[in-house]
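# Residue-level structural notes
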Amino acid sequence: MNERNESIHGVACTFRSPSDVFHAAEKVRDAGWKIWDVHTPFPIHGMDQAMGLPRSKVPRLTLLGGVTGFITGCLLTWYMNSYDYPLVVGGKPFWSPIFPFPIMYECTILFAAFGTFFGQFILNRLPRHHHPLFDLPQFARTSDDTFMIVLEARDKNFHLDESRNFLLSLGGQEITVIRE
Amino acid sequence: MAHAPEHSTDRPEILDRVNPAELPRSKLILNDRGFHWITDKVCGIVEEPTPLWWKVTFAVALFIASFTGAGLFYLVSTGTGTWGLRSPIGWGWAIVNFVFWVGIGHAGTLISAILCLLRQKWRTSINRAAEAMTIFAVMCAGIFPLFHVGRVWFAWWLFPLPNQNGIWPQFRSPLEWDVFAVSTYFTVSTLFWYMGMVPDLGAIRDRAKTWWRKAFYSVLALGWRGGNRQWSNFEMAYLLLAGLSTPLVLSVHTIVSFDFAVSNVPGWHTTIFPPYFVAGAIFSGFAMVLTLMLPLRAIYRLHDVINQYHIDNMCKIILATGTMVGYAYATEFFIAAYSGNAYEKFAFVNRAFGQYAWAYWIMVSCNVITPQLFWFKKIRENHALVWIICLFVNVGMWFERFVITVTSLANDYLPSSWGYYSPTIVDIFTFFGTFGFFSVLFLLFVRFLPLLPMAEVKMVTPQADPHAH
């Protein structure tokens, strides 16, 4: 990476249709790019493979949440009805895994949902209200009907003029340099 | 077909001679609408100046909601005696209304979660509004048990929080399970709804012209950029939340039915309750979805996005679940007769022919008979009639809960302690007002949030397929 790239975030290029951007993404992947992204108004089927992305890590956080929730449900009911204030109800055992099962079940789902919801935002590095892309006039249209490939300057393949020409050769429409 | 160059081995030879027809598939979006049209349509609802009908309806809804406020104020300042609850009927309208509203919410989760897992693409058009309906219906439902506890300022004792008495909730009680089930349901539904909305909020943010609009939607959209690295996590999280909501929604109404089924009262103590309650919940919820969506479709001219195919599907689900509910009514009678239990037999004969027979037959005619009209295509295509039938279903499902709750309590084991329950004006005010409260929330949703999930609707259009050309 050279000196003049320091104030440059990357190069953006718009595409007209899902199939255009899909095939362009395959070529970017094959050229060995690592730090780049495809901005689309909706998730395009098969784009993860076209970009060469690994499987999302959200399920791990869901599992973590679910296990935490189940243990919380067990401990909550055991501590409250059996340890801190043992409650005699119908002469039955103070705690068993059967009677508070609905509580454990709901806690499992609740915490797994927290894991999924917050996990998704953490993995996506959100909330983040400022990003160099937001200064780009074309970027606003990527939530409507425009598709955009962004090659970032942090990638080792990045060279301003070459990357620009590379995007043009992929059939891109409008090429813009994104400044930090 | 005729000029296929060579017969490949995996292609049956006959296909070249018979020229098979393309099976017509119902279109999800009519008139080949493009991505930009969808964005314009949905964002346009939020961006247009507040229409007159909205202002008028909102004012009326606020006025109706004030009835709940008045009812609750009178209740709290005077005491629970102002409700029609007398021994032997300790569960009156409050529980009826609670189950009614929670049940309505279930269709939203069915559409957003179960139909997502079943890959029913038509769900996208109605998904967002149905989920909003879920959340607001659960809010309405929550009011009733909250105030039914009597001293509402102690309602927090229901939660596992330390209090000055040093005691804890009793986790053997189905009512305590209900606290966990309903609050989990509300939380998870809200998370699912909001997460699904973030990309669409980003789309509204990107189009915003005025400063306040930009600020408002920027905060809500959390800086969503729609990069595929984000979509990848988003889609996985969406699928997982759908997978979590499915067992959740089934458990919620199961646990609601446990409130009844775990007791020893004839007519309540039956194992059919969980599936019967869940089917009824989905039945009433779909009726409410249609009740809300048909007028909105007409007002905002959404005919291309919510077309006859969607309405047909919803009508058929109402028909199927209505028939299941009717089957459950019949099974209850059969099991009561077959059980050899005199109290159980009496409870059911009494439901149909006793002092509440009027309520029972309203329930049967609205829930079992009216949805059968949806067998006919002509009726499914007559949207005014569909809307009216859905109103009947809503009424019928309220009466179902009334019949279950009140008839069993009014005439249980000892004839000396039988009674007759009537609501008071305070009950009526409180319930009537919840429709206003629900409408206020729903109107705010329609006005300020994306009514249709734009990204999801775009995803199911034919041009979204990257291999289309």
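Residues numbered from 1 in each chain as written. Chains lettered and ligands numbered in written order. Predicted model: local features only at pLDDT ≥ 70, side-chain atom pairs only at ≥ 80, totals over all residues.

## Some words on the overall build of chain A
What counts here: A helix here means a DSSP run of H or I that spans at least four residues, while a strand means a run of E at least two residues long, and both kinds are numbered starting from the N terminus. With C-beta atoms placed from the backbone, a residue is labelled by how many other C-beta atoms lie within 10 Å of its own: buried for 20 or more, exposed for 12 or fewer, partly exposed between the two.
Per the secondary structure count, chain A includes 5 helices and 4 strands. Overall, the C-alpha framework of chain A stretches about 80 × 35 × 30 Å when taken along its three principal axes. For chain A, with 180 residues in total, the buried portion stands at 43%.

## Comments concerning the sheet that holds strand 2 (residues 36–39) of chain A
Residues and elements named next belong to chain A. Stated formally: When DSSP finds two or more bridges between a pair of strands, those strands are recorded as paired. Simply put, an axis is a line fit to the C-alpha atoms, just over the touching stretch for a helix, and the angle between two N-to-C directions goes from 0 to 180 degrees. Residue pairs are scored as contacts if the distance between their C-beta atoms, which are placed from the backbone, is within 7 Å.
Reading across the sheet, the 4 strands line up as 2-3-1-4 and stay open at both edges, with antiparallel pairing between neighbours. Where the open sheet ends on each side, the last strands, each with one partner, are strand 2 and strand 4 (175–179). Neighbour-to-neighbour, the strand axes of this sheet turn through a mean angle of 20°, independent of strand direction. Along the sheet face, helix 1 (residues 18–30) touches strand 1 (8–15), strand 2 and strand 3 (147–152) and points at about 20° away from the line of strand 3.

## Focus: the interface of chain B and chain A
Interface extent is often summarised as the accessible area lost during association of the parts. Each side of the interface is counted separately: chain B has 57 residues, and chain A has 57 residues. For the side of chain B that touches chain A, the secondary structure elements donating two or more residues are helix 2 (35–47), helix 6 (174–207), helix 8 (228–261) and helix 16 (454–459) of chain B.

## Section: helix 5 (residues 124–148) of chain B
Our working rule: The span one expects for a helix is its residue count, reduced by one, times 1.5 Å.
The terminal C-alpha atoms of helix 5 of chain B lie 37 Å apart, and with 25 residues this matches the ideal 36 Å at 1.5 Å per residue to within 8%. Most of helix 5 of chain B sits out of view: 22 of its 25 residues are buried.

## Concerning the domain arrangement of chain A
Going by this rule: Residue ranges assigned to the domains are those given by an automatic or database domain assignment.
Looking at chain A, the domain boundaries give domain 1 (1–39 + 150–174) and domain 2 (58–123). With centres defined by C-alpha atoms, the gap from domain 1 of chain A to domain 2 of chain A works out at 47 Å.

## Regarding the environment of Ile8(A)
Mapped onto the elements of the fold, Ile8(A) is located in strand 1. For the pair formed by Ile8(A) and Phe70(A), sequence separation is 62 residues and the distance between their alpha carbons is 48 Å.

## Section: unusual backbone geometry
Across the junction of Leu126(A) and Pro127(A), the peptide omega takes the value 0°, indicating a cis bond. Among the secondary structure elements, Pro127(A) is positioned in the loop between helix 4 (101–123) and strand 3. Of note, the amide linkage connecting Ser87(B) to Pro88(B) takes the cis form, showing an omega dihedral of 10°. You will see that Arg119(B), though not glycine, has its phi angle at about 55°, which is positive. If you trace the backbone, Arg119(B) turns up in the loop between helix 4 (93–117) and helix 5.

## As for the nonpolar core
Here is the rule we go by: Only buried Ala, Val, Leu, Ile, Met, Phe, Trp, Tyr and Cys residues enter a nonpolar core, and they are joined through C-beta atoms within 7 Å.
Membership of the largest hydrophobic core comes to 150 residues, with the highest contact counts inside it found for Ala113(A), Met133(B), Phe286(B) and Val289(B). Apart from residues lying up to four places away in sequence, Met133(B) is in contact with Gly105(B), Gly108(B), Met288(B), Val289(B), Leu292(B) and Phe442(B).

## Thoughts on helix 3 (residues 52–78) of chain B
In an α-helix, one turn spans 3.6 residues, which is why side chains three or four residues apart end up on the same side. Residue and element names in this part refer to chain B. For helix 3, built from 27 residues, the straight-helix expectation of 39 Å at 1.5 Å per residue is met to within 8% by its first-to-last C-alpha distance of 39 Å. Within the span of helix 3, buried status applies to Ala 61, Ala 65, Thr 68, Gly 71 and Leu 75. Each element contacted by the buried residues of helix 3 is listed here: helix 5 and helix 15 (425–448). Immediately downstream of helix 3, the backbone of Gly 79 shows phi near 135°, a positive value.

## Topic: the pairing of strand 2 of chain A
All names here are of chain A. What you see with strand 2 is no split at all: Trp 36 and Val 38 on one side and Asp 37 and His 39 on the other are buried throughout. The sheet contact formed by strand 2 and strand 3 spans 4 bridges and is antiparallel. Within strand 3, the residue paired with Asp 37 across the bridge is Val 150.

## Brief notes about the environment of Arg297(B)
Residues and elements named next belong to chain B. Inspection of the secondary structure puts Arg 297 in helix 9 (residues 273–299). For Arg 297, a count of 20 C-beta atoms within 10 Å gives the class buried. A C-alpha to C-alpha distance of 43 Å links Arg 297 and Val 262, two positions 35 residues apart in sequence. Every residue in contact with Arg 297, bar those within four places of it in the chain, is listed here: Leu 302, His 303 and Ile 306.

## Concerning the confidence of the model for chain B
Residues and elements named next belong to chain B. Threshold: One number per residue, pLDDT, summarises how confident the predictor is, and it ranges from 0 to 100.
For chain B, the mean per-residue pLDDT works out to 91, and 97% of the residues sit at or above 70. pLDDT under 50 marks residues 1–8. Its contacts with residues more than four places away, or in other chains, come to 4 contacts. Here the predicted complex carries an ipTM of 0.93, next to a pTM of 0.91.

## Considering the packing of helix 9 of chain B against helix 10 (residues 308–339) of chain B
Residue and element names in this part refer to chain B. Inclusion rule: Put simply, a crossing is left-handed when the front helix is turned counterclockwise from the back one by less than a right angle, and right-handed when it is turned clockwise.
It is at 9 Å that the axes of helix 9 and helix 10 come closest, and there the two elements cross at 145°. The handedness of the crossing between helix 9 and helix 10 is left-handed. Together, Tyr 276, Ala 279, Gly 280, Ile 282, Phe 283, Phe 286, Ala 287, Val 289 and Leu 290 of helix 9 and Met 314, Ile 317, Ile 318, Thr 321, Gly 322, Met 324, Val 325 and Ala 328 of helix 10 make up the contact between the two elements.

## Structural notes on the packing of helix 4 of chain A against helix 8 of chain B
Packed helices, taken two at a time, are described by the angle between their axes plus the distance between the axes. Cut-off, in case you're wondering: Between 65 and 115 degrees an angle is taken as roughly perpendicular, under 35 as roughly parallel, over 145 as roughly antiparallel, and anywhere else as oblique. In this count, Pro and Cys sit with the nonpolar residues alongside Ala, Val, Leu, Ile, Met, Phe, Trp and Tyr, while Asp, Glu, Lys and Arg are called charged and the others, Gly among them, polar.
Contact pair helix 4 of chain A / helix 8 of chain B: the axes reach a minimum separation of 10 Å and the direction vectors enclose 160°. Between helix 4 of chain A and helix 8 of chain B, the interaxial angle falls into the category roughly antiparallel. With respect to the hand of their crossing, helix 4 of chain A and helix 8 of chain B are arranged in left-handed fashion. Every residue of helix 8 of chain B that contacts helix 4 of chain A at Pro102(A), Tyr105(A), Glu106(A), Ile109(A), Ala112(A), Ala113(A), Thr116(A), Phe117(A), Gly119(A), Gln120(A) and Leu123(A) is listed here: Asn233(B), Phe234(B), Ala237(B), Leu240(B), Leu241(B), Leu244(B), Pro247(B), Leu248(B), Ser251(B) and Ile255(B). Counted by class, the contact of helix 4 of chain A with helix 8 of chain B contains 15 nonpolar, 5 polar and 1 charged residues.

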